[in-house]
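# Examination of the molecular architecture
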Amino acid sequence: MKILVTGGAGYIGSHTVVELQNAGYDVVVIDNLSNASEKSLERVAKITGKEVPFYKVDIRDREGLSKVLEKEKVDACIHFAGLKAVGESVSKPWEYYDNNIAGTLILVDELRKHNAKNIIFSSSATVYGDPAFVPITEECPKGQCTNPYGWTKSMLEQILSDMQKADPEWNVILLRYFNPIGAHKSGTIGENPNGIPNNLMPYITQVAVGKRKELTIFGNDYDTHDGTGVRDYIHVVDLADGHVKALEMIKKKAGLKIYNLGTGVGYSVLDIVKNFEAATGVKVPYVIGPRRPGDIATCYASAEKAKNELNWVAKYGIKEMCADSWNWQKNNPNGYED
Ligand code: NAD
Ligand code: UD1
């Protein structure tokens, strides 16, 4: 089975290409490299011992996509390509709607023209907004998003669902990721944020490696066990494996399916700092700052549905997530630039 991986040079995409190749799938990557380096794919090839066919194509480039699909004759698509910086999406909403929504509309149109009506889509726990309950099951109502990035995920879920309903030949799997961290054991691929990281783990690793002075913890007055925000952190290799399991479901004619990919365990910001220090032996200086606008107190998954239907469970615990994030950062202080 041949899989088109859009955004395959990025953080989650590159880890997923490793797991797909290891599982015996043929993979073709397209990426416009707006937030990635082609070097990630060279490193993937070193890990798996298999070349990764790559095309520098934007998902909004209909002609470019069509040429790739004509030549490669893929069976399914795992769709990671998208812009994902929450703050930037507030200042550049048009760019986010164009890239993520218009891009996906063109992608799915080309997929159906080329008879590849199977798609696994990268959604996010952000679609639950401030969740009605925790642990969050897939039945939890979708909520109000606080930024255009979140709306692109929520709207694309709706668009893909409507499309599947109208044409049951489509198999659509929406995967709602919780908070991916960690890196491949080799320490050769990992998360490589542009500029100042928005997310917690890359910020911590950059403090640990000496690139930033200290972590600012965004608020310690939430209604949580220590006052800091609680999230469901998941190892990126576990997340990647979830896509391999989702492909099995595609083969069984999934129809429309929605799964949370999380561990079911919530850790606070202070828990993460302590676990990072324990796993790596490196101190993380921090200060307490004000709450970040749009943040919620607590968000963690029920991972039961993915366990029961996909036979998927997260294998890695918080110590490995911290150790592997650090292994990547310390070996690659400047990401793929070295
Ligand atoms: P990433 O930025 O590392 O990967 C996205 C990739 O898509 C990049 O390589 C980028 O160059 C590429 N891309 C962007 N726009 C494109 C376009 N128009 N055409 C072709 N390629 C394009 O991000 P990631 O963390 O690997 O996230 C992958 C997907 O998962 C994204 O859709 C993201 O929104 C979603 N997601 C990520 C998280 C997270 O915390 N990392 C959480 C939930 C959902
Ligand atoms: C962020 C995104 C969300 C996205 C998710 C997964 C925002 C507002 N939301 O959520 O849309 O789906 O990532 O990619 O960006 N924290 C600090 N100091 C920091 C960074 C973070 O204290 O420097 C805290 C946050 O307040 C939060 C926790 O760490 O409590 C995790 O933050 P982050 O990694 O940004 O993820 P989310 O807030 O869950």
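The structure contained in this document is the topic of the report that follows.

Rules and cut-offs
Residues numbered from 1 in each chain as written. Chains lettered and ligands numbered in written order. Predicted model: local features only at pLDDT ≥ 70, side-chain atom pairs only at ≥ 80, totals over all residues. Heavy atoms only, no water. Axes fitted to C-alpha atoms, helices over the stretch in contact; angles between N-to-C directions. Helix = DSSP H or I, 4+ residues; strand = E, 2+ residues; numbered from the N terminus. Parallel < 35°, antiparallel > 145°, perpendicular 65-115°, else oblique. Left-handed = near helix turned anticlockwise from the far one by under 90°. Contact = heavy atoms within 4.5 Å. Nonpolar A, V, L, I, M, F, W, Y, C, P; charged D, E, K, R; others polar. Core = buried A, V, L, I, M, F, W, Y, C linked by side-chain atoms within 4.5 Å. Buried < 20%, exposed > 50% of the residue type's maximum accessible area, 1.4 Å probe, protein only. Near = heavy atom within 4 Å. Polar contact = N/O pair within 3.5 Å; in protein donor to acceptor, adjacent residues only side chain to side chain. Areas by Shrake-Rupley, 256 points an atom, 1.4 Å probe, with all protein chains shown as cover. Lys, Arg positive; Asp, Glu negative; His and termini not counted. Salt bridge = Lys/Arg side-chain N within 4 Å of Asp/Glu carboxyl O. Expected span 1.5 Å × (residues − 1). Pairing = 2+ DSSP bridges.

### Re the packing of helix α9 (residues 269-280) against helix α11 (residues 318-331)
- Where α9 meets α11, the closest approach of the two axes is 8 Å, and the angle between their N-to-C directions is 70 degrees. Regarding the angle of α9 to α11, the classification is roughly perpendicular. Read as a crossing pair, α9 and α11 show a hand that is right-handed. The segment α9 lies against α11, with Ile 272, Asn 275, Phe 276, Ala 278, Ala 279 and Thr 280 engaging Ile 318, Lys 319, Cys 322, Ala 323 and Trp 326.
- Taken together, the residues of the contact of α9 with α11 break down into eight nonpolar, two polar and one charged.

### Thoughts on the nonpolar core
- In terms of nonpolar packing, the biggest core is built from 42 residues, with Leu 20 and Ile 173 touching the most fellow members.
- Among the elements that line this core, the one with the most residues is helix α8 (residues 236-251), at eight residues.
- In this structure, Leu 20 is in contact with Ile 3, Val 5, Tyr 25, Val 27, Ile 78, Val 244 and Leu 247, ignoring residues within four places of it in sequence.
- With 26 residues, the next largest nonpolar core counts Val 28, Ile 30, Leu 69 and Trp 170 among its residues.

### Describing the site of ligand 2
- By nearness alone, 18 residues border ligand 2, and Thr 216, Phe 218, Arg 231, Arg 292 and Asp 295 come closest of all.
- Between ligand 2 and Leu 200 there is a distance of 2.8 Å, counted from an oxygen atom to a backbone nitrogen or oxygen.
- Between a nitrogen atom of ligand 2 and a main-chain N or O atom of Thr 216, the distance comes to 2.8 Å.
- Burial of ligand 2 by the surrounding chains reaches 87%, relative to a free accessible area of 730 Å².
- At four residues, strand β8 (residues 215-218) tops the list of elements feeding residues into the shell around ligand 2.
- In the shell around ligand 2, the residues fall into eight nonpolar, seven polar and three charged.

### Here's the deal with the side chain of Asp 232
- Positionally, Asp 232 belongs in the loop between β9 (230-231) and β10 (233-235).
- No salt bridge forms around the buried Asp 232; measuring N to O, its nearest opposite-charge neighbour Arg 231 is 10 Å away.
- Among all residues touching Asp 232, those that are not within four sequence positions of it are Phe 178, Asn 179, Gly 262, Thr 263, Gly 264, Val 265, Cys 299, Tyr 300 and Ala 301.

### Points about the packing of helix α7 (residues 200-208) against α9
- Contact pair α7 / α9: the axes reach a minimum separation of 11 Å and the direction vectors enclose 40 degrees. The pairing of α7 with α9 is recorded here as oblique in orientation. For α7 against α9, the interelement crossing comes out right-handed. In this structure, α7 contributes Leu 200, Met 201, Ile 204, Thr 205 and Ala 208 to the contact, and α9 contributes Val 269, Ile 272, Val 273 and Phe 276.

### A short note on the site of ligand 1
- Within the structure, ligand 1 sits among 27 residues, and Ile 12, Asp 31, Asn 35, Phe 80 and Tyr 149 are positioned closest to it.
- At a separation of 2.6 Å, an oxygen atom of ligand 1 approaches a polar side-chain atom of Asp 31.
- Lys 84 has a polar side-chain atom sitting 2.8 Å from an oxygen atom of ligand 1.
- Summarising the interface, the protein chains cover 95% of the accessible area of ligand 1, which totals 820 Å² for the free molecule.
- Listing elements by their share of the shell around ligand 1, those giving two or more residues are α1 (11-22), β5 (118-124) and α6 (148-166).
- For the shell around ligand 1, the element with the highest residue contribution is β5, accounting for three residues.

### Focus: helix α5 (residues 93-113)
- The end-to-end C-alpha distance of α5, which contains 21 residues, comes to 29 Å, matching closely the 30 Å that a straight helix rising 1.5 Å per residue would cover.
- Positive backbone phi, at 60 degrees, marks Asn 115, one or two positions downstream of α5.

### Some words on the sheet that holds β5
- The seven strands lie next to each other as β3-β2-β1-β4-β5-β6-β11, forming an open sheet whose pairing is parallel. Lying at the two open borders of the sheet, with one neighbouring strand each, are β3 (54-56) and β11 (256-261). Across the sheet, the axes of successive neighbouring strands diverge by a mean angle of 20 degrees, strand direction being ignored.
- With three bridges connecting them, strand β2 (residues 26-31) and β3 associate as parallel partners. Bridge pairing links Val 29 to Phe 54 in β3.
- Along the sheet, α8 contacts β1 (2-6), β4 (76-79), β5, β6 (171-177) and β11; its crossing angle with β6, the most-contacted strand, is approximately 160 degrees.

On their own, these measurements won't tell you what the molecule is for.
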